[in-house]
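# Report on the structure
Residue-level listing of the chains:
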Amino acid sequence: MTLSSAIAVVLFWAAGLAAAAGVPPEVPPEVLKAEAERIAVIEKAKDSVLAVFSAAGGGGGSGVVISADGYALSNFHVAMPTGPAMKCGMADGRLYDAVVVGLDPTGDVALVKLFGRDDFPHAELADSDQVRAGDSVFAMGNPFLLATDFQPTATWGIISGVHRYQFPAGTLLEYTDCLQTDASINPGNSGGPLFDARGRLIGINGRASFEKRGRVSVGAGYAISINQVRNFLGYLHSGRIVDHATLGATVGVDEERRLVVTDVLDTSDAYRRGLRYGDEVLAFGGRTVETPNAFKNVLGIFPKGWRVPLSYRRNGKRFDVLVRLAGVHSEDELLAKLSGRGPREPMPIPKPGELPIPAAKAKPAMPEIVRKHFDEKRGYANYYFNRLHRDRVWKAWNARGDFAGQDRTWLLAGTLARGDKFTLSVAGGQVVLSLPRGDVKWSVPEELGSALEPAGSGGLFAALSLWRRLAVEGLDKFGEVTYLGTAPWAGHPGLLDVLVGRHGGVECRYYFDVATGLLAGLEMAAHEHADPCELHFTEYRESDGRWTPRRIEVRCGDEPVADFKVDLFTVSRPDPP
Amino acid sequence: MSQPLRWIAVLALGAVGAGLPARSNGDASPPAGAGPPAARESAGATALSGTIARVQPNVVKIYGAGGYRGMEAYQSGILISPQGHVLTAWSYVLDTEEIGVTLSDGRKFQGKLLGADPRLEIAVLKIEAAGVPWFDLSKAPAVEPGTRVLALSNLFGVAVGSEPVSVQHGTIAAKTRLAARRGVFETPYRGTVYVLDAVTNNPGAAGGALVTRRGELVALLGKELRNALNNTWLNYAVPIAELRESVEQIRAGKLATLRPDEPAVKVARPRSVEGLGIVLVPDVVERTPPFVDRVVEGSPAAAAGILPDDLVILVGDHLVPSCKALREELRRIDAEEKVKLTVLRAEEMLEFVLQASLSGRKEAP
């Protein structure tokens, strides 16, 4: 007999005896211990839970703080109606001002920032891929807006299923790869945390199956997995309105129950990596996929722009590639989602006598602290944070080697793969590559996309000139530089900070190692439908107070273009006139 | 610019060392200390998750008729033999020739309706499969209130293909009989039920498994059942002990629906619906349930007490789920013999015995 059924039997028996004798039942110590543990876990977890309200004090939902400086997660459909400024109640009874940072309308996630402390109690993020059906979990939040004193409500249950797919409501709130639980999730729980039995954050609650009884829990609630949120966290910190990803191909199941490609866009990166109609899809994003749902589950957890692994098979031969994920929406489509009527998913129930939240209401003035941390800009939830991170990344890079303002030529010298010596001179208006057989001179044109020499490199010379340009011109003079978020970079562990620069009609992405601040890579895309030129910078060495790469590998598409081993990196005298 | 091809040939000597290793999902978003996927698999498992994983394959997903809100076209079932017998709830979902059964590995089968017991509201299907995982009904223990249980089902149709069915936790709150007063519960079942504190009365849950936390089957999840007096929904499951005999009967071929392999017995003067004085609803869909539209005055049906809106369930001991089946079953009965009809009227099962035709007029074929 298991401990749990033993407990049940003993309890029942003891209760029977006690009822007969009028004596309180004796509860086995293991039961009391389990109860005490549960109480302790909930007691600690409640401190990081938020009751989210709009600035006017109405409506809202729940949230959870994830860092000591006050960053917190909630649902998009909770944050959107509140507008940029909101108020969050915590278990200490205090109401804190908060501002929207980043929004993910498709995935239904919002990142906000609370003000007033630098030591906010916060939740520990766990690994949601470790979660199994049957695991004990609890949800905390403000269902039915019961928490008038901001003490969150706790509901306990188990995980009913993992890697669940929930169809979008309209075109929003597609819950891919979500956790299903029978812990009560009711209107008001939206945006709040789902904790494991140790009180670690594994998901953000936001949807439930409602049917004949209206909007009350019937034992089937859904939480966005924290692993998905983690993938998007860098993008959310960038203050953007984040878009989800598409592969540029659709899949379906054939008669032999294989998952095959049913359509592929010939302008997509997947097509350029060789994917064709009829290919059998084996794995995506590092996960084996066998059904369209499984495929959609993987797609849903990545932001657009990431490169993820894809494995497919054709005529018995297996291909393993990295594909760049394109965005699902155009910028206009994404903005339209923001301005439209809010999605009609779990919304709080108005108290008796209260009218449902009206569409237009007199907006109170934005609190000073919020106004200081909010910048409106088209395409952004809050541009203030974009500037914050853009400046942070630049500063960290600049600290490793200050080239700013020095309009001097960069000189690199070393050897290529076969031992041929080379020198590269990169100046403001010109790049010169000297090889044993001769020199190649390349002048920087107005439209960089028109001069992508050498052929097949995707624009190596242009990429080199943009590398130097950011270092020398800096954020203000480069052109338009924004912070993208965090993304993986091939050959480099973890996620890297990404800056995006636009100049000369092309977009260039700069990937910085988060720990060192050094530039690990650069990707220049002249056109959306062509492979970018990639520069991989490794083997950094310090000289003259600057860290410079001693190895630059150049790739375009699946082809290696060049491998520069740099023995010498100097900055020369100014260009001759 | 010099000739591009030559320069590329010079530059692209040797493969680029860094390479582009296939990244696992773990690389892209690594929590501190996460190991490779295989290691993580075992790290997350517990005894309970192992038990659940072990019994989930015994539960199947059933698809059939319906497809409207309030009448969803899916429910759950349990495998009860290695040859592929499936025990499930008797419901409108089975009102079709095309019953689909999906196993836990994603394989799809046609489910053949072997028979049903409308009084218990259960049905047994058969799929052409071998070596499937199954629950042994003979081993199902009786349990008492207070027992902690798990409900496995495809509620809301969340799981598709090879995705595992959902699991909910709960306790058996009571063991009791459904109220016998007519009109309280919209079901003919008056036997013992386990009342649960888990919300199992959801679309798609009917026919699912109620198991102990050790994975022992104890009951079959019931249908969405409403108490007509106070409009509350009951979460209940029917103990296996109540179902065993009926399941045996169905598997043995009694309570059978149609007898396709048996040649129709030659009967001198076969009975007919018209001859009994029953006018059925128009037979327009593939399996129109045999609802009585009108009863002819002075007919055997009228004399016996059949009323309009009665749903004919059984002729004798045989299920007649469609107008066509009813007609064929009647053709096996000679005009001299009595006809025993069991009908469903306002959720009650009533039996009627129809005599030979009173007027003696010739019965139309």
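Residues numbered from 1 in each chain as written. Chains lettered and ligands numbered in written order. Predicted model: local features only at pLDDT ≥ 70, side-chain atom pairs only at ≥ 80, totals over all residues.

### Observations regarding the overall build of chain B
Put simply, the test is: Helical segments are the DSSP runs of H or I of at least four residues, strand segments are the runs of E of at least two, and each set is numbered from the N terminus. Here, residues touch in the contact sense if the C-beta positions derived from the backbone fall within 7 Å of one another.
Counting secondary structure elements, chain B contains eight helices and 20 strands. If you take every contact in chain B between residues at least 6 apart in sequence, the share linking residues at least 24 apart comes to 63%.

### Notes on the overall build of chain A
The following threshold applies: C-alpha atoms define the radius of gyration in this analysis, and the globule rule sets the expected value at 2.2 Å times the number of residues to the power 0.38. Residues with at least 20 neighbouring C-beta atoms inside 10 Å of their own are called buried, those with 12 or fewer are called exposed, and the rest are partly exposed, where every C-beta is derived from the backbone.
Scanning chain A from terminus to terminus reveals 10 helices and 31 strands. On C-alpha atoms alone, chain A measures out to a radius of gyration of 27 Å, which is about the 25 Å that the 2.2 N^0.38 rule sets for 577 residues. C-alpha extents for chain A along the principal axes are approximately 105 × 60 × 45 Å. When the 577 residues of chain A are sorted by exposure, 50% land in the buried category. Counted over contacts in chain A with a minimum sequence separation of 6, partners at least 24 positions apart contribute 60%.

### So, the pairing of strand β18 (residues 307-314) of chain A
The side chains of a regular strand alternate between both faces of the sheet. Residue and element names in this part refer to chain A. Selection rule: Following DSSP output, two strands are said to pair if at least two bridges run between them.
Relative to β18, strand β16 (residues 280-284) runs antiparallel, the two being bridged by four bridges. Residue pairing in the sheet places Val-281 in a bridge with Tyr-312 of β18. As paired strands, β18 and strand β19 (residues 317-324) are joined by eight bridges and run antiparallel to one another. Across the sheet, residue Tyr-312 finds its bridge partner in β19, namely Phe-319. Counted along the chain from β18 to the antiparallel partner β19, the turn is two residues long, and its residue Asn-315 has a positive phi close to 50°.

### Overview of the environment of Lys317(A)
Residue and element names in this part refer to chain A. Inspection of the secondary structure puts Lys-317 in strand β19. Accessibility expressed as a C-beta count within 10 Å gives 7 for Lys-317, which makes it exposed. Considering only alpha carbons, one finds Lys-317 and Gln-228, 89 residues apart in sequence, at a separation of 31 Å.

### Some thoughts on the confidence of the model for chain B
All names here are of chain B. Under the convention used in this document: The pLDDT score gives, residue by residue, the confidence of the prediction method on a 0 to 100 scale.
Mean pLDDT over chain B stands at 81; residues scoring 70 or higher make up 78%. Scored below 50 in pLDDT, residues 1-10 shows 18 contacts in the model against residues more than four places distant or in partner chains. In the model output, the complex is listed with pTM 0.84 alongside ipTM 0.85.

### Digging into the sheet that holds strand β11 (residues 217-221) of chain B
Hydrogen bonding along the main chain pairs the strands of a sheet, whether they run parallel or antiparallel. Residue and element names in this part refer to chain B. Note the following rule: A fitted line through C-alpha atoms represents every axis, and for helices the fit uses only the stretch in contact; the resulting angles, taken between N-to-C directions, go from 0 to 180 degrees.
Pairing within the closed barrel is antiparallel, and its six strands lie in the order β7-β8-β9-β14-β11-β10. Between one strand axis and the next, the sheet turns through 45° on average, direction left out of account. Where strand β10 (residues 209-212) and β11 come together, three bridges link them in antiparallel fashion. For Val-211, the partnering residue across the bridge sits in β11 and is Leu-217.

### Examining the sheet that holds strand β10 (residues 193-196) of chain A
Residues and elements named next belong to chain A. One closed barrel accounts for six strands, arranged β7-β8-β9-β12-β11-β10; its pairing is antiparallel. On average, adjacent strands in this sheet sit at an angle of 45° to one another, irrespective of strand direction. By the bridge criterion, five bridges tie strand β11 (residues 201-208) to strand β12 (residues 221-225) in an arrangement that is antiparallel. Bridging across to β12, Arg-207 finds its partner in Tyr-222.

### Topic: the nonpolar core
The condition that has to hold: Residues enter a nonpolar core if they are buried, belong to Ala, Val, Leu, Ile, Met, Phe, Trp, Tyr or Cys, and are joined to the set through C-beta atoms within 7 Å.
Counting 164 residues, the largest nonpolar core has Ala72(A), Cys88(A), Val112(A), Leu210(B), Leu220(B) and Ala237(B) as its most contacted members. If we ignore the near neighbours within four places in the chain, the residues touching Ala72(A) are Leu50(A), Gly63(A), Val64(A), Val65(A), Ile66(A), Cys88(A), Val112(A) and Leu114(A).

### Some remarks on the domain arrangement of chain A
Residues and elements named next belong to chain A. Put simply, the rule reads: The split of the chain into domains comes from an automatic or database domain assignment.
We note that the domain assignment places domain 1 (3-40), domain 2 (128-227), domain 3 (245-327) and domain 4 (395-574) within chain A. With centres defined by C-alpha atoms, the gap from domain 2 to domain 3 works out at 29 Å. Taken residue by residue, the interface counts six residues in domain 2 and six residues in domain 3. Contributing elements (two or more residues each) for the side of domain 2 that touches domain 3: β8 (153-166) and β9 (175-181).

### A short note on the confidence of the model for chain A
Across chain A, pLDDT averages 89, with 90% of residues at or above 70. Low pLDDT, under 50, characterises residues 341-360 of chain A; the predicted model gives this stretch 34 contacts beyond four residues in sequence or across chains.

### Thoughts on helix α10 (residues 460-478) of chain A
All names here are of chain A. Selection criterion: One fewer than the residue count of a helix, multiplied by 1.5 Å, yields its expected span. Working definition for bend: take the seven residues up to and ending at a residue and the seven starting at it, fit an axis to each, and measure the angle between the axes.
In this model, α10 (19 residues) spans only 19 Å end to end at C-alpha, well below the 27 Å of a helix rising 1.5 Å per residue. Along α10, the largest kink reaches about 75° and is centred on Val-472. Directly after α10, the chain includes Gly-479, whose backbone phi takes a positive value near 140°.

### Quick word on unusual backbone geometry
Residue and element names in this part refer to chain A. The residue after Glu-453, namely Pro-454, is reached through a cis peptide bond having omega -10°. With respect to the element layout, Pro-454 can be found in the loop between β24 (438-443) and α10. For Phe-144, which is not glycine, the phi torsion reads 55° and is therefore positive. Checked against the element boundaries, Phe-144 lands in the loop between β7 (136-141) and β8. With 14 C-beta atoms packed within 10 Å, Phe-144 lands in the partly exposed category. In this structure, Asp-544 takes a positive phi of about 55° despite not being glycine.

### Some points on the domain arrangement of chain B
Split into domains, chain B comes out as domain 1 (54-251) and domain 2 (273-354). Placing a centre on the C-alpha atoms of domain 1 of chain B and another on those of domain 2 of chain B gives a separation of 28 Å.

### Overview of the environment of Leu411(A)
Residue and element names in this part refer to chain A. Checked against the element boundaries, Leu-411 lands in strand β21 (residues 408-415). Sequence-wise, Leu-411 and Val-571 are 160 residues apart; in three dimensions their C-alpha atoms are separated by 5.9 Å. Setting aside anything within four residues of it in sequence, one finds Leu-411 in contact with Thr-423, Ser-425, Thr-570 and Ser-572.

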